[in-house]
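Next come the chains, spelled out residue by residue.
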Amino acid sequence: MPKVLAQGKLIECESQANLRKVLLKNGVDLHNGGSKVINCRGLGSCGTCAVKVEGEVSAVNWRDQMRRSLPPHSPASDLRLACQTQVLGDVKVTKFDGFWGQGSQLVWTPEG
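Position numbers for residues count from 1 along each chain, tracking the sequence in the order it is written. Where local features are concerned, this predicted model is filtered to residues with pLDDT of at least 70; where side-chain atom pairs are given and counted, the filter is 80 or more; whole-chain, interface and lining totals use all residues. The side-chain values count all of the structure's non-hydrogen atoms but skip hydrogen atoms and water molecules.

Visitor: I tried to follow the nonpolar core on my own but got confused; where do I start?
Guide: Considering soluble globular proteins, one finds that nonpolar side chains tend to be buried as a cluster. Joining through side-chain atoms within 4.5 Å is the link that ties buried Ala, Val, Leu, Ile, Met, Phe, Trp, Tyr and Cys residues into a set, and such a set is a nonpolar core. Exposure classes here rest on a 1.4 Å probe applied to the protein chains alone. A residue is buried below 20% of its type maximum, exposed above 50%, and partly exposed in between. Core analysis: the biggest nonpolar cluster contains 24 residues, and Val-4, Ala-6, Leu-19, Leu-23, Val-51, Val-91 and Val-93 have the highest contact counts within it. Every element with two or more residues in this core is listed here: strand S1 (3–6), helix H1 (19–25), strand S4 (50–57), strand S5 (79–81) and strand S6 (86–96). Discounting residues that sit within four places of it in the chain, Val-4 has contacts with Lys-9, Leu-10, Ile-11, Cys-13, Leu-19, Val-22, Leu-23, Val-87, Val-91 and Val-93. Put simply, DSSP marks the helices as runs of H or I at least four residues long and the strands as runs of E at least two long, and each gets a number from the N terminus on. Should any heavy atoms of two residues lie within 4.5 Å, those residues are counted as being in contact.

Visitor: What is the right way to read the environment of Gly-112 from this model?
Guide: By the element assignment, Gly-112 lies in the segment after strand S7 (106–108). Remark: the alpha-carbon pair of Gly-112 and Pro-72, spanning 40 residues in sequence, is separated by 26 Å.

Visitor: I keep staring at the pairing of S6 and nothing clicks. Help me out?
Guide: Across a regular strand the side chains alternate sides, sitting on one face of the sheet and then on the other. Any two strands with at least two DSSP bridges between them are considered paired. Sheet topology note: the S1/S6 ladder contains 3 bridges and is parallel. Following the sheet pairing, Ala-6 is matched in S6 by Val-93. Of the pairings in the sheet, the one linking strand S3 (residues 17–18) to S6 comprises 2 bridges and is antiparallel in character. Residue Asn-18 lies in a different strand from S6, and its bridge partner there is Gln-86. Bridge analysis of S4 against S6 gives 5 bridges, and the strand direction is antiparallel. Among the inter-strand pairings, Val-57 is bridged to a residue of S6, identified as Val-87. Sheet analysis places S6 next to S7, joined by 2 bridges and oriented antiparallel. From the neighbouring strand, Phe-96 faces S7, where its bridge partner is Leu-106.

Here it is in structure tokens:
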């Protein structure tokens, strides 16, 4: 079973599990500030669940690519939308600041 390391938590999940669901189910603070209340609930339209993911995950789909091509995101960034990402193997997740998680300051790292 794949393992997800995020905000100091090591979480086991099924292969192909949705990263957003895995993180939220295990109490990881996926959204910053007001985006905890105002987000698309996993539809891939708001972009607030953007995280840096290291490890084996699904290829970028069209929703993820489209949303991250719009400001304040940048298609050149290495972020992914957790709601559009499937966990295929062990991964490490990092969250940055900003309403959409697009900032340059760390909010949390895989280790905490």
